[in-house]
Amino acid sequence: MTGSARPVLRSGRGAWQRKHVVLAAVVVVLLVAMGLDTKVLSSSSTAAAPQKSFDPAAWGTETFPKVQKQIEKKAVPAATLARAVKKDPTAAGKKYGVASGTGAGPVVSIAFNGTVGTGSKGIYEVSVPGVPKGILIRIQTGPAITGTDLRDAPGTISFGDFRNQIEYQNAGAELNRQLKKQVLSGIDTDSLTGKKVHVVGAFQLINPDAWLITPVKLEVK
C-alpha cells in the first residue's frame, strides 16, 4: 500500500509544479508584451499636449491686415491685366495669378480707378479706363461677401496650415467678415453709383470677360 501511494504523490506534485511554471511563463510573456506596447511620453511631447482650437475671429483680426498688404503688393493694373487676358487668358493667369484653394482657376490681385455704375444686392459694375468694353468688371461690397479670393490671393495661406477642411473654409469666410468690419463699415455702400473709386482687390479668373472683385481697399473720391 505504501509503495503504491508514493508514485501518486510524486505525480501530483509534478503536475502542480508544471502548472505553475506554465502560468509563470504566461505572465512573463504578457508583461513583456505590455512593455513593448507602452509609449513613454515626455512633458515636451506634442502628443501629450492637447491641440489648440481654431478661433476664426482672432485669426482673421490678426491676418486680414497682412493679406491686405500682400494683395496691394501683388496687384497688377486692370488695363495691363485686360490686355494680357485678351491675348491669352491661361498665360495671363499663370503670370499674374496664384493657384486657388478651390482649384477652379487662378486668383489675381488687381488695382484700378474707375466710375461706379449700376448695382444690385451690393454688387456694382465699374467702368475702368483702358479696359475694353468686352470685359465686365464688378466689385462686391456686401452685405454678402462670397468666395475665398482673399484667403487664396496672397499664395501664403494653404490647407496644410489648418487641421481640417472646415477650419480652412472658416478662415476664408472670416477674412470676408474682416473686410466688412475693417474696410467697408466706413463706406456707404448703398449709394456708390456715379462715384469715382480707387479699388485694390482680388478675383478668381474663371471667365476672362467677367471679373468679380473682392476689394481689400475701396476709396471713394
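Read on for a plain summary of the structure. Only a predicted model underlies this, so the values are computations on that prediction, with no experimental measurement involved.

The number of helices and strands found in the protein chain is 6 helices and 7 strands. For the protein chain, the N- to C-terminal ordering of α and β elements is α-α-β-α-α-β-β-β-β-α-α-β-β. For the protein chain, restricting intrachain contacts to residue pairs at least 6 apart in sequence, the fraction spanning at least 24 positions comes to 70%.

Phe112, Ile137, Trp211 and Ile213 are the most contacted members of the largest nonpolar core, which totals 47 residues. Mapped onto this core, the elements with two or more residues apiece are α2 (56-74), α3 (78-87), β3 (107-120), β4 (123-127), β5 (136-140), α6 (165-182), β6 (196-204) and β7 (210-220). Excluding anything up to four places from it in sequence, Ile137 contacts Ala78, Phe112, Tyr124, Glu125, Val126, Val128, Val131, Trp211 and Ile213.

Within the secondary structure, Ser100 sits in the loop between β2 (97-98) and β3. Overall, Ser100 belongs to the buried group, its relative accessible area being 13%. One polar contact links the side chain of Ser100 to the main-chain carbonyl oxygen of Gly105, over a distance of 3.0 Å. At 3.0 Å, the side chain of Ser100 forms a polar contact with the side chain of Gln204.

Another point: the environment of Val199. The residue Val199 is located in strand β6 in this model. Between the C-alpha atom of Val199 and that of Thr214, which follows or precedes it by 15 residues, the distance is 9.3 Å.

Glancing now at the pattern of salt bridges. Pairing between side chains of opposite charge can happen when the charged atoms of each approach one another. For the coordinates displayed, the defined rule picks out 6 salt bridges. Between Lys66 and Glu62 there is a salt bridge, and its shortest N-O distance comes to 3.5 Å. Separated by 4 residues within a single helix, Lys66 and Glu62 lie in helix α2, roughly one turn from each other. What makes Lys66 partly exposed here is its relative accessible area of 48%. Linking Arg163 and Glu167 is a salt bridge whose minimum nitrogen-to-oxygen distance equals 2.8 Å.

Orientation of α2 relative to α6, taken along the N-to-C sense of each, is 70°, at an axis distance of 8 Å. The orientation of α2 with respect to α6, classified from their angle, is roughly perpendicular. Relative to α6, the crossing made by α2 is right-handed. Contact with α2, carried on its side by Pro56, Ala57, Trp59, Gly60, Thr61, Thr63, Phe64, Pro65 and Val67, involves Asn170, Ala171, Glu174, Leu175, Gln178, Leu179 and Gln182 of α6 and no other residues of that element.

Time to look at the pairing of β5. As paired elements, β4 and β5 share 3 bridges and run antiparallel to each other. Considered in β5, the bridge of Ile123 is made with Gln140. Pairing between β5 and β7: 4 bridges, direction parallel. In the strand pairing of β7, Leu136 is matched with Ala210.

How each quantity is defined
- Residues numbered from 1 in each chain as written.
- Predicted model: local features only at pLDDT ≥ 70, side-chain atom pairs only at ≥ 80, totals over all residues.
- Heavy atoms only, no water.
- Helix = DSSP H or I, 4+ residues; strand = E, 2+ residues; numbered from the N terminus.
- Contact = heavy atoms within 4.5 Å.
- Core = buried A, V, L, I, M, F, W, Y, C linked by side-chain atoms within 4.5 Å.
- Buried < 20%, exposed > 50% of the residue type's maximum accessible area, 1.4 Å probe, protein only.
- Polar contact = N/O pair within 3.5 Å; in protein donor to acceptor, adjacent residues only side chain to side chain.
- Salt bridge = Lys/Arg side-chain N within 4 Å of Asp/Glu carboxyl O.
- Axes fitted to C-alpha atoms, helices over the stretch in contact; angles between N-to-C directions.
- Parallel < 35°, antiparallel > 145°, perpendicular 65-115°, else oblique.
- Left-handed = near helix turned anticlockwise from the far one by under 90°.
- Pairing = 2+ DSSP bridges.

Such coordinate-based values are descriptive only and should not be taken to indicate function.
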